Structure formats: structure tokens, C-alpha cells
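Examination of the molecular architecture
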Amino acid sequence: MSASEDMDESAAPLIEHLAELRTRLIRSVIAFLVGMIICFTVATPIFNFLTDPLCAVLADRGQHCDLIFISPQEGFFVAIKVSLLGGFMLSFPVIAHQMWRFVAPGLYKNEKGAFLPFLIASPVMFMLGASFAFYVVTPLAYDFFLGFQQFGAEGEAVVGDPASSPGLSVVFQGSAQEYLNLTIKFIVAFGMCFQLPVLLTLMGKAGLVSSEGLGNVRKYAVVAILVLAALVTPPDVITQAILFVVVYGLYEVSIFLVKRVETKREAKLRAEGYYDDEDDPA
């Protein structure tokens, strides 16, 4: 067989894989567009739902929940952002299924059994993180931010020296787009941080990290988490402290999960006769 024929045969599987990848990507994009269109038609109810934390905080302060558009096109872009977020969440099961169908044929049976639980756990953990951000962190953050309002003589409270600024009122009139940007930032940041146990456990199963190694770099992880909390949250101590506590807790949970993976792997090797007790550091 000539060298050109060998090249043709090796190129054929690659072309088939690329064609299948294109098909999977097209289906994923179509699912995303369909989800986006659906969410665009109900963008107003979705946005009203996303404003619940802010409205609850304002109601506790006796204020109306009124957001404004500061530019003519802002309403359209708010609807687009809501549609993008909602479309991705609606289409994620289809996108994950297409990813699985593409990689599954190249995996052994035991690899499929190992990878599939992580594929399922990833969106579940993201939803847990997003829910935690929306129902716990966001109300606390807006309560902190709105505490810096200043009411005049007819208000209920005055911040600062009333004598130096009699009757001065500085109250919240928020931009709908700015509020949506900040809320989405909270949701995405906490949703991604909740992926930490999934990622580290998967790396532990692949042998890329160990529970002992994760424990040894704990002090560096603390610094990294502090930096992460400062970068992905607004500059207030409350949300930064909450994110640090949550992510550090997830880090400790990850060490425990990786340890369990190592224990199961060791037990399997012992059962198969491949584990040598003399190599055990203990």
C-alpha cells in the first residue's frame, strides 16, 4: 500500500469526526436559538422575576420598586440579555446531550460510567450556586448597597450630618440594564464557583490531583479564593465574605470527595491484586 493511500485512510476518520462535530454544534446552536426566542417572548415576566430581590429590599424600606431606562435602546438590550441567559439555561440539556453523544463513542465502558455522573452533576451544581446567589447573596448585597441612601426632611432616616445638608435626598433610581448586569454577575459567579467539587473530583478520578496534594496547598488555596472573591463580586465585604466561606467550604468538600475516589481506586486495585502494600507510605 502506498504512502498516499495510508494518508487517505487516516484522513477519512478525521473528516468523519469533523462532520459529526459540525452536526452536533449545529444542533446545539439551533437549540440555543429556539430557547432564546422562547425567552424573548416572555422577557418581561422573566425580568420581573429577576427583580424580586431588589423589590423585596425596597419594600422593606417603604420605597417603590421602579427601574428606569436611561437610553432609548436599553429596553431592547435588557430583553436580549434576559433571552441569552434564559436561552442558554433552556438549551443546556440539549447541548450537554450533544456533547455526550460526540465523546461517548471514543470512551471505554468504565470511562463512560465515570464521566456521565460528572456531566449530570455539573448543571445541578450550577443551579445550586445560581439559586444560592439569587435567594441569599443578592438580597444581602442590595440591602447593603441601598443602606447608603440619604433621605431628606420628609424621609425616615438621615445618613450623615442633617445640619450640614438639610432636606437633601439621595435615593435609588436604578437603571434596568445595570441592575440586570449585576444580578447576572452574581448568578454566574456563584454558579461557576459551585463547579469546584465537580472539577476537582473529576481531576482526582483522572489522577491529576490527590487529596494529600490539595491539603498541602490549602493555604495557597485560601489566598486564591480571597482574590477570586475580590474579583467576581462587587466591592462590599458582605458578598466577598459569603463567597469566600462558600468556596472554601466547597474546597474542603472536594478534598473529601477526592479522598473517597482514591479509597475506591485502592480497594479496586487490592481486589485485582495490583496494589502493593509495601509501596504504601503509611
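Before going into details, it helps to say that this report is about the structure given with it. Remember, predicted model here, so these are calculated numbers, not experimental data.

Each value, and the rule that gives it
- Residues numbered from 1 in each chain as written.
- Predicted model: local features only at pLDDT ≥ 70, side-chain atom pairs only at ≥ 80, totals over all residues.
- Heavy atoms only, no water.
- Helix = DSSP H or I, 4+ residues; strand = E, 2+ residues; numbered from the N terminus.
- Buried < 20%, exposed > 50% of the residue type's maximum accessible area, 1.4 Å probe, protein only.
- Contact = heavy atoms within 4.5 Å.
- Areas by Shrake-Rupley, 256 points an atom, 1.4 Å probe, with all protein chains shown as cover.
- Expected span 1.5 Å × (residues − 1).
- Bend = angle between axes of the 7 residues up to and from the residue.
- Core = buried A, V, L, I, M, F, W, Y, C linked by side-chain atoms within 4.5 Å.
- Phe/Tyr/Trp six-rings, centres within 6.5 Å; stacked < 30°, edge-to-face > 60°.
- Disulfide = S-S within 2.5 Å.
- Axes fitted to C-alpha atoms, helices over the stretch in contact; angles between N-to-C directions.
- Parallel < 35°, antiparallel > 145°, perpendicular 65-115°, else oblique.
- Left-handed = near helix turned anticlockwise from the far one by under 90°.
- Nonpolar A, V, L, I, M, F, W, Y, C, P; charged D, E, K, R; others polar.

Another point: the overall build of the protein chain. For the protein chain, the helix and strand inventory stands at 10 helices and two strands. For the protein chain, the sequential pattern of α-helices and β-strands runs α-α-α-β-α-α-β-α-α-α-α-α. Taken across its 282 residues, the protein chain has 30% of its residues classed as buried. Within the protein chain, residue pairs in contact and separated by at least 24 positions form 76% of the contacts whose partners lie at least 6 positions apart. Here the protein chain displays about 17300 Å² of accessible surface, and carbon together with sulfur accounts for 68% of that area.

Another point: helix 4 (residues 74-103). For helix 4, spanning 30 residues, the distance from its first C-alpha to its last is 41 Å, which sits close to the expected 44 Å at 1.5 Å a residue. Residue Phe92 marks the point of greatest curvature in helix 4, where the axis turns by about 50 degrees; the proline Pro93 follows within four residues.

What follows concerns the nonpolar core. Formed by 23 residues in total, the largest nonpolar core has its most connected members in Phe186, Phe190, Phe194, Leu214, Leu243 and Tyr251. Contributing elements (two or more residues each) for this core: helix 5 (109-146), helix 6 (176-193), helix 7 (196-205), helix 9 (218-232) and helix 10 (237-272). Per-element accounting of this core gives the leading share, eight residues, to helix 10. Sequence-distant contacts of Tyr251, that is, excluding residues within four places in its chain, are made with Leu196, Leu200, Leu214, Val217, Arg218, Ala221 and Ile225. Counting residues in each nonpolar core, the second largest holds 20 residues, with Leu58, Leu85, Tyr142 and Ile184 among its members.

In this fold, Phe102 is placed in helix 4. With relative accessibility at 27%, the residue Phe102 sits in the partly exposed group. Sequence spacing of Phe102 and Leu25 is 77 residues, and the spatial spacing of their C-alpha atoms is 9.9 Å. When sequence neighbours within four positions are dropped, the list of residues in contact with Phe102 reads His17, Glu20, Leu21 and Arg24.

This part is about the packing of aromatic side chains. Aromatic rings in a pair are described by how distant their centres are and how their planes are angled relative to each other. Applying the stated criterion to the full structure yields 10 aromatic pairs. A ring pair is formed by Phe134 and Tyr135, whose centres lie 5.0 Å apart and whose planes are at 90 degrees; its orientation type is edge-to-face. For Phe134, a relative accessible area of 6% gives the class buried. Residue classification places Tyr135 among the exposed residues on the basis of a relative accessible area of 56%. Ring geometry for Tyr142 versus Phe186: centroids 6.5 Å apart, planes at 90 degrees, classification edge-to-face. One end of the pair, Tyr142, is in helix 5; the other, Phe186, is in helix 6, and 44 residues separate them in sequence. An aromatic cluster is built from Phe49, Phe134 and Tyr135, whose rings are joined through pairwise contacts.

Evaluation of the coordinates by the stated rule reveals one disulfide. Disulfide partner of Cys55: Cys65, at an S-S distance of 2.0 Å. For the disulfide bridge between Cys55 and Cys65, the dihedral angle about the S-S bond is near -65 degrees, and by the sign convention the bridge is left-handed. Here Cys65 lies in the loop between helix 3 (52-60) and strand 1 (67-68) and Cys55 lies in helix 3, a separation of 10 residues in the sequence.

What follows is about the packing of helix 4 against helix 6. At a minimum axis separation of 9 Å, helix 4 and helix 6 run at an interaxial angle of 20 degrees. On the basis of the axis angle, helix 4 is roughly parallel to helix 6. The two elements helix 4 and helix 6 meet at a crossing, and its hand is left-handed. Residue-level inspection shows Glu74, Phe77, Val78, Lys81, Val82 and Leu85 of helix 4 in contact with helix 6, the latter providing Ala176, Gln177, Leu180, Asn181 and Ile184. Here the contact of helix 4 with helix 6 is built from residues that sort into seven nonpolar, two polar and two charged.

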